[in-house]
Amino acid sequence: EYKKPLGVDIDLETGVIPGAQKLVRRLSSLKGYFLDEKAYNELLREDPVVYEVYAIEQEENDGDLNFATTVLYPGKVGKEFFFTKGHSHAKADRAEIYYGIRGKGGMLLQTPEGKAEWIPMGPGTVVYVPPYWAHRTVNTGNEPFIFLAVYPADAGHDYGSIAEKGFSKIVIEENGEVKVVNNPRWKK
Ligand code: 6PG
Ligand code: NI
């Protein structure tokens, strides 16, 4: 009746977790997420893979843990760097830990009131995502940005509010520099 312990080796080059469930998110699944609609529609002809998730998940029991790697590819839509959809947890008070494996990027976090923070990430960075903060990762480099996430098995995902309103800050490239600036389309 006890569950069986598990040890797996993440491929640190590719981010693949052997035996994990693979999810692929192409640009077409991110309609409405990027500011520059013209650039979005142009890139849509190729419909590149923006990110992949390799997850090992348990039944939604209180106290159990899931983990997943994300492989977020380099790229931009207009000035905006490729990012994950971003979500809060369906059980909003569930926290999460991220651990950077490869590449360069960061995390945008946001309270339900719209206060945003940016945390740069690289290999070895640990990010604590507190309860209630929505979170999105961004690849600001030119190789895949790969990280591990560990989250409660009953956390779930709520994409609604971010899909509708986005984050109050966006991450762009301007004059060859990475900038975190106010989202001109943001309204509370
Ligand atoms: C989670 C994690 C993480 C995340 C992926 C993809 O709660 O499961 O935050 O595994 O889901 O990085 O990001 P999106 O879920 O926002 O598409
Ligand atoms: Ni999460």
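This structure is a prediction, so every number in the text was calculated from the model and none was measured. (Residues numbered from 1 in each chain as written. Chains lettered and ligands numbered in written order. Predicted model: local features only at pLDDT ≥ 70, side-chain atom pairs only at ≥ 80, totals over all residues. Heavy atoms only, no water.)

1. Details of the environment of Lys 188
Short version of the rule: Secondary structure elements are defined from DSSP: runs of H or I of at least 4 residues count as helices, runs of E of at least 2 residues count as strands, and each element is numbered from the N terminus. Note on exposure labels: buried denotes an accessible area under 20% of the residue type's maximum, exposed denotes more than 50%, and partly exposed covers the range between, all computed with a 1.4 Å probe on protein chains only.
Considering the arrangement of structural elements, one finds Lys 188 in the segment after strand S13 (177-182). Judged by relative accessible area, Lys 188 falls into the exposed class, the value being 70%.

2. Overview of the sheet that holds strand S10 (residues 134-139)
Heads up, the rule is: The pairing criterion for strands is at least two bridges between them, as found by DSSP. For every element, the axis is a line fit to its C-alpha atoms; helices are fit only across the contacting stretch, and the angle between N-to-C directions ranges from 0 to 180 degrees.
With antiparallel pairing, three strands are arranged side by side in an open sheet as S8-S7-S10. The outermost strands of the open sheet, each flanked by one partner alone, are strand S8 (116-121) and S10. On average, each strand axis in the sheet is inclined to that of its neighbour by 20°, with strand direction left out of account. Relative to S10, strand S7 (residues 105-110) runs antiparallel, the two sharing six bridges. Each residue of the ladder has a partner; that of Gln 110, found in S10, is Ala 134.

3. Notes on the coordination of the nickel ion (ligand 2)
Using the following cut-off: Only N, O and S atoms count as donors, using a 2.8 Å cut-off from the metal and 3.2 Å for Na, K and Ca, and because water is excluded some sites may appear unfinished. Tetrahedral means four donors with every angle between 85 and 135 degrees, whereas square planar (four donors) and octahedral (six donors) require angles over 155 degrees between opposite donors and between 65 and 115 for all others; sites fitting neither are termed irregular.
Every protein donor of the nickel ion (ligand 2) is listed here as His 87 (NE2), His 89 (NE2), Glu 96 (OE) and His 135 (NE2), and their distances to the metal cover 2.1 to 2.3 Å. Every donor counted, the six donor atoms about the nickel ion (ligand 2) form angles of 72 to 171° at the centre, which fits octahedral coordination. Ordering the donors of the nickel ion (ligand 2) by residue number gives the pattern H-x1-H-x6-E-x38-H.

4. Some thoughts on the nonpolar core
The condition that has to hold: We define the nonpolar core as a collection of buried residues of types Ala, Val, Leu, Ile, Met, Phe, Trp, Tyr and Cys that are connected through side-chain atoms lying within 4.5 Å of one another. We call two residues in contact whenever any of their non-hydrogen atoms come within 4.5 Å of each other.
Counting 34 residues, the largest nonpolar core has Phe 34, Val 77 and Tyr 98 as its most contacted members. Among the secondary structure elements, those contributing two or more residues to this core are helix H1 (37-44), strand S2 (49-56), strand S3 (65-72), S7, strand S9 (126-129), S10 and strand S11 (145-152). Apart from the residues lying within four places of it in its own chain, the contact partners of Val 77 are Leu 27, Phe 34, Asp 36, Ala 39, Tyr 40, Leu 43 and Phe 82. The next biggest cluster of nonpolar side chains, apart from the first, holds eight residues, and it includes Ile 17, Ala 20, Val 71 and Leu 148.

5. Some thoughts on the site of ligand 1
Using the following cut-off: A cutoff of 4 Å decides nearness: a residue is near a molecule or strand if any of its heavy atoms lies inside that distance of it. We define a polar contact as two N or O atoms separated by no more than 3.5 Å, with the added condition that, inside protein, one atom must be a possible hydrogen donor and the other a possible acceptor, whereas residues neighbouring each other in sequence contribute only through side-chain atom pairs. Here, Shrake-Rupley sampling with a 1.4 Å probe gives the accessible areas, and only protein chains in the shown set may cover a residue. Residues are sorted three ways: Asp, Glu, Lys and Arg are charged, Ala, Val, Leu, Ile, Met, Phe, Trp, Tyr, Cys and Pro are nonpolar, and all the rest, Gly among them, are polar.
Of all residues adjacent to ligand 1, which total 16 residues, the nearest are Tyr 51, Glu 96, Tyr 98, His 157 and Tyr 159. A distance of 2.8 Å is found between an oxygen atom of ligand 1 and a backbone nitrogen or oxygen belonging to Gly 86. In isolation ligand 1 exposes 400 Å². Once the protein is present, 97% of that is buried. Every element with two or more residues in the shell around ligand 1 is listed here: S2, strand S6 (96-102) and S11. At three residues, the largest contribution of residues to the shell around ligand 1 is made by S11. Classifying every residue of the shell around ligand 1 by side-chain character gives seven nonpolar, seven polar and two charged.

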